[in-house]
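The primary structure of each chain is shown beneath.
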Amino acid sequence: MINALLSLHHQSSGPGVDVLSRLVNLAGRQRMLSQRITLFLTMAANGRPHALMVAEEALHLFTQTHKRLVEGDNTLPGLFSPALRDVFEGPTQGRRRIDAFIGLAQDTATSIKQGVTLSEMVIDGLMDAANAVLSLLNLITQTYEDEVHRKTSVEHEAHQQLDAALMAVVSTMRSSPDATQLRQLADQLSEIVRLRQE
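What you see is a predicted model; the values in this text were computed from it and never measured. (Residues numbered from 1 in each chain as written. Predicted model: local features only at pLDDT ≥ 70, side-chain atom pairs only at ≥ 80, totals over all residues. Heavy atoms only, no water.)

**Some remarks on the overall build of the chain**
And then number 1: Within the chain, the secondary structure is distributed over seven helices and zero strands.
And then number 2: From first element to last, N terminus to C terminus, the chain shows the α and β order α-α-α-α-α-α-α.
And then number 3: Burial status across the chain gives 36% buried among its 198 residues.
And then number 4: For the chain, contacts bridging at least 24 residues in sequence account for 75% of all contacts bridging at least 6.
And then number 5: Accessible area of the chain: about 11100 Å², with a carbon and sulfur share of 54%. (Helix = DSSP H or I, 4+ residues; strand = E, 2+ residues; numbered from the N terminus. Buried < 20%, exposed > 50% of the residue type's maximum accessible area, 1.4 Å probe, protein only. Contact = heavy atoms within 4.5 Å. Areas by Shrake-Rupley, 256 points an atom, 1.4 Å probe, with all protein chains shown as cover.)

This is how it looks when you write it as structure tokens:
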């Protein structure tokens, strides 16, 4: 019984729901930032200098958040699951595609700063890149949301099984006069309580 519970407990380890919720929010914010970057770079290219500062601020935040989501830091776990590693590093090539968008936005901002007049083709290319990365960011956000659902489902099942195991041990202890078995059951009970508190 304890081995089965330990196995289920192991499945429910990893980032907690609160951390996962933060990751969902950060991933969702990336979608908004990608659109903000594109909009304000386009405005800056059309002669609105204040828009460049807004675009660069959004780009900086987008870049830092991308790094935190992929690499993690002291509060976030990085790519902790196979599904996330697949969407960022697998065939989807999420990390490479987002890095390419960041590079394009940085180059565009640099050109605007240097007074280069951007052609309509360059602006259209930026818009196309933004639309493509938006679809990718939607997929990434959905992947984080799926991780939240998986985590809450596993935790719910683990708590149900721990409660059932606790009741089984208590029931056996009430009906068993054997001191050795009572000690074993007491040890099991202590382990179940420990797991329940984690």
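**Focus on the packing of helix α2 (residues 17-45) against helix α5 (residues 94-113)**
And then number 1: Their axes nearest at 10 Å, the elements α2 and α5 cross at an angle of 20°. Taken as axis vectors, α2 and α5 run roughly parallel relative to one another. In terms of crossing hand, the pair formed by α2 and α5 is left-handed. Between α2 and α5, the contacting residues are Ser34, Ile37, Thr38, Leu41, Ala44 and Ala45 on the first element and Phe101, Ala105, Thr108, Ala109 and Ile112 on the second.
And then number 2: Across the contact of α2 with α5, the residue classes tally to eight nonpolar, three polar and no charged. (Axes fitted to C-alpha atoms, helices over the stretch in contact; angles between N-to-C directions. Parallel < 35°, antiparallel > 145°, perpendicular 65-115°, else oblique. Left-handed = near helix turned anticlockwise from the far one by under 90°. Nonpolar A, V, L, I, M, F, W, Y, C, P; charged D, E, K, R; others polar.)

**Points about helix α3 (residues 49-71)**
And then number 1: The terminal C-alpha atoms of α3 lie 34 Å apart, and with 23 residues this matches the ideal 33 Å at 1.5 Å per residue to within 8%.
And then number 2: Those residues of α3 that fall on the buried side of the exposure criterion are Ala51, Leu52, Val54, Ala55, Ala58, Leu59, Phe62, Thr65, His66, Leu69 and Val70.
And then number 3: Within two residues after α3, glycine 72 carries a phi angle of roughly 80°, on the positive side. (Expected span 1.5 Å × (residues − 1).)

**Remarks on the nonpolar core**
And then number 1: The biggest cluster of nonpolar side chains holds 42 residues, and the ones touching the most others in it are Ile37, Leu41, Phe62, Phe88, Ile98, Ile140 and Tyr144.
And then number 2: Sorting the residues of this core by element identifies α2, α3, α4 (82-89), α5 and α6 (120-175) as the ones contributing at least two each.
And then number 3: Discounting residues that sit within four places of it in the chain, leucine 41 has contacts with Leu52, Ala55, Ala105, Thr108, Ala109, Ile112 and Leu126. (Core = buried A, V, L, I, M, F, W, Y, C linked by side-chain atoms within 4.5 Å.)

**So, the side chain of threonine 65**
And then number 1: By the element assignment, threonine 65 lies in helix α3.
And then number 2: Ignoring anything within four residues of it in the chain, the contact list for threonine 65 reads Leu26, Arg29 and Gln30.

**Describing the packing of aromatic side chains**
And then number 1: By the definition in use, this model includes one aromatic pair.
And then number 2: Measuring from ring centre to ring centre gives 5.7 Å for phenylalanine 62 and phenylalanine 101, while their planes differ by 70°; the resulting arrangement is edge-to-face. With phenylalanine 62 in helix α3 and phenylalanine 101 in helix α5, this pair connects stretches of sequence that are 39 residues apart. (Phe/Tyr/Trp six-rings, centres within 6.5 Å; stacked < 30°, edge-to-face > 60°.)

**Thoughts on the packing of α4 against α5**
And then number 1: The N-to-C vectors of α4 and α5 enclose an angle of 45°; their axes lie 4 Å apart at closest approach. By the angle class used here, α4 and α5 are oblique. Each of Val87, Phe88 and Glu89 in α4 lies in contact with α5, whose residues at this interface are Gly94, Arg95 and Ile98.
And then number 2: Counted by class, the contact of α4 with α5 contains three nonpolar, one polar and two charged residues.

**Focus: the pattern of salt bridges**
And then number 1: Taken as a whole and judged by the stated rule, the model has five salt bridges.
And then number 2: Residue arginine 95 is joined to glutamate 71 by a salt bridge in which the shortest nitrogen-to-oxygen separation is 3.5 Å. One end of the pair, arginine 95, is in helix α5; the other, glutamate 71, is in helix α3, with 24 residues separating them in the sequence.
And then number 3: Arginine 95 is the salt-bridge partner of glutamate 89, the closest N and O atoms lying 2.9 Å from each other.
And then number 4: The exposure class of glutamate 89 is partly exposed, given its relative accessible area of 44%.
And then number 5: By relative accessible area, which is 28% here, arginine 95 ends up partly exposed.
And then number 6: Three or more residues joined by partner-sharing salt bridges are found here, namely Glu71, Glu89 and Arg95. (Salt bridge = Lys/Arg side-chain N within 4 Å of Asp/Glu carboxyl O.)

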